[in-house]
Amino acid sequence: QVQLVESGGGSVQAGGSLMLSCVFSAYTYSHYYMAWFRQAPGKEREGVAAIDLHDYTTYSDSVKGRFTISRDNIKNTLYLQMNNLKPEDSAMYYCAASPINWLLLPKYEHWGQGTQVTVSS
């Protein structure tokens, strides 16, 4: 069984920072590719950042240089450090995991419940 639980969302002013966490419960954490997605009301789910088995990262153009995805295999936790937040970043953020490297495509097999991020201007 695979379980993903996000936390760390909240409200922040533009220019502020948030750190999202996703606790990944599985027997073989290191065998999963992981990613962060976000979805605002009425919009498509958007891939934000992805990380592979060797910590190679991929970012959407909209967050590149501001967000950093990382993983702690000891704690079985995925992180998303978000700096210089913009109102356009407001969305429900989801972590995802898959044995296949889908990069930023929304084809991951396992998903968390989401954590809300609201950025005010």
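My aim in this report is to walk through the structure given alongside it, one point at a time.

Conventions and cut-offs
Residue positions within a chain follow its written sequence, with the count starting from 1. Predicted model: local features are reported for residues with pLDDT of at least 70 only, side-chain atom pairs are reported and counted for 80 or more only, and whole-chain, interface and lining totals are derived from all residues. As a rule here, side-chain values come from all non-hydrogen atoms in the structure, and water together with hydrogens is ignored. In this text, helices come from DSSP runs of H or I with a minimum length of four residues, and strands from runs of E with a minimum of two, each type numbered from the N-terminal end. Each radius of gyration reported is based on C-alpha atoms, and the globular scaling rule is 2.2 Å times the count of residues to the power 0.38. Relative accessibility decides the category of a residue: with a 1.4 Å probe and only protein chains considered, values under 20% of the type maximum give buried, values over 50% give exposed, and everything between is partly exposed. Contacts are assigned to residue pairs with any non-hydrogen atoms lying within 4.5 Å of each other. Note that His is not counted, nor are the chain ends; the positive residues are Lys and Arg, and the negative ones are Asp and Glu. To locate a charge, take NZ of a lysine, CZ of an arginine, CG of an aspartate or CD of a glutamate. For this analysis, a ring pair means two rings from Phe, Tyr or Trp (six-membered ring only for Trp) whose centres lie within 6.5 Å, classed as stacked if their planes differ by under 30 degrees, edge-to-face if by over 60, and tilted for the remaining angles. The criterion for a charge sitting over a ring is simple: Lys NZ or Arg CZ within 6 Å of the ring centre, and within 35 degrees of the ring normal. A pair of strands is considered paired only if DSSP assigns at least 2 bridges between the two. Residues belong to one nonpolar core when they are buried, are Ala, Val, Leu, Ile, Met, Phe, Trp, Tyr or Cys, and are joined through side-chain atoms within 4.5 Å.

A word on the overall build of the protein. Looking only at helices and strands, the protein has 0 helices and 11 strands in total. Start at the N end of the protein and walk to the C end: the helices and strands fall as β-β-β-β-β-β-β-β-β-β-β. Relative to a compact globule of 121 residues, whose C-alpha radius of gyration would be 14 Å, the protein shows 13 Å and is just as compact. Projected onto its principal axes, the C-alpha coordinates of the protein cover approximately 40 × 25 × 25 Å. Within the protein, buried positions represent 42% of all 121 residues. Counted over contacts in the protein with a minimum sequence separation of 6, partners at least 24 positions apart contribute 58%. Charged side chains of the protein number 9 positive and 10 negative; the gap between the two group centres comes to 3 Å.

What follows deals with the packing of aromatic side chains. Enumeration according to the criterion identifies 4 aromatic pairs in this entry. Centroid distance phenylalanine 37 to tyrosine 108: 5.5 Å. Interplanar angle 70 degrees. Geometry classified as edge-to-face. Of this pair, phenylalanine 37 sits in strand β4 (residues 33–39) while tyrosine 108 sits in the loop between β9 (91–98) and β10 (110–111), and the two are 71 residues apart along the sequence. For phenylalanine 37, a relative accessible area of 0% corresponds to the buried category. Of the residues examined, tyrosine 108 reaches a relative accessible area of 4% and is grouped as buried. Pairing tyrosine 108 with tryptophan 111 gives two aromatic rings, centres 6.3 Å apart and planes at 75 degrees, and the pair type is edge-to-face. Here the aromatic residues Phe37, Tyr108 and Trp111 are joined through ring pairs into a cluster of three or more. If you follow arginine 45 out to its NZ or CZ, it ends over the ring of tryptophan 111, 4.1 Å from the centre.

Before going further, it helps to spend a moment on the pairing of strand β1 (residues 3–7). Only one face of β1 is buried: it carries Leu4 and Glu6, and the other face, with Gln3, Val5 and Ser7, is open. Pairing of β1 with strand β3 (residues 18–25), which is carried by 5 bridges, proceeds in the antiparallel orientation. Within β3, the residue paired with leucine 4 across the bridge is phenylalanine 24.

This part is about the pairing of strand β11 (residues 115–120). Only one face of β11 is covered, namely the face carrying Thr115, Val117 and Val119; the face carrying Gln116, Thr118 and Ser120 is uncovered. Of the pairings in the sheet, the one linking strand β2 (residues 10–13) to β11 comprises 4 bridges and is parallel in character. What sits directly across from valine 12, in β11, is valine 119. Bridging between β9 and β11 involves 3 bridges; their strand directions are antiparallel. For tyrosine 93, the partnering residue across the bridge sits in β11 and is threonine 115.

Attention shifts here to the nonpolar core. Trp36, Leu80, Met82 and Tyr93 are the most contacted members of the largest nonpolar core, which has 28 residues in total. Every element with two or more residues in this core is listed here: β3, β4, β5 (46–51), β7 (67–72), β8 (77–82), β9 and β11. Grouped together as the second largest cluster of nonpolar side chains are 5 residues, Ala35, Ala50, Ala96 and Tyr108 included.

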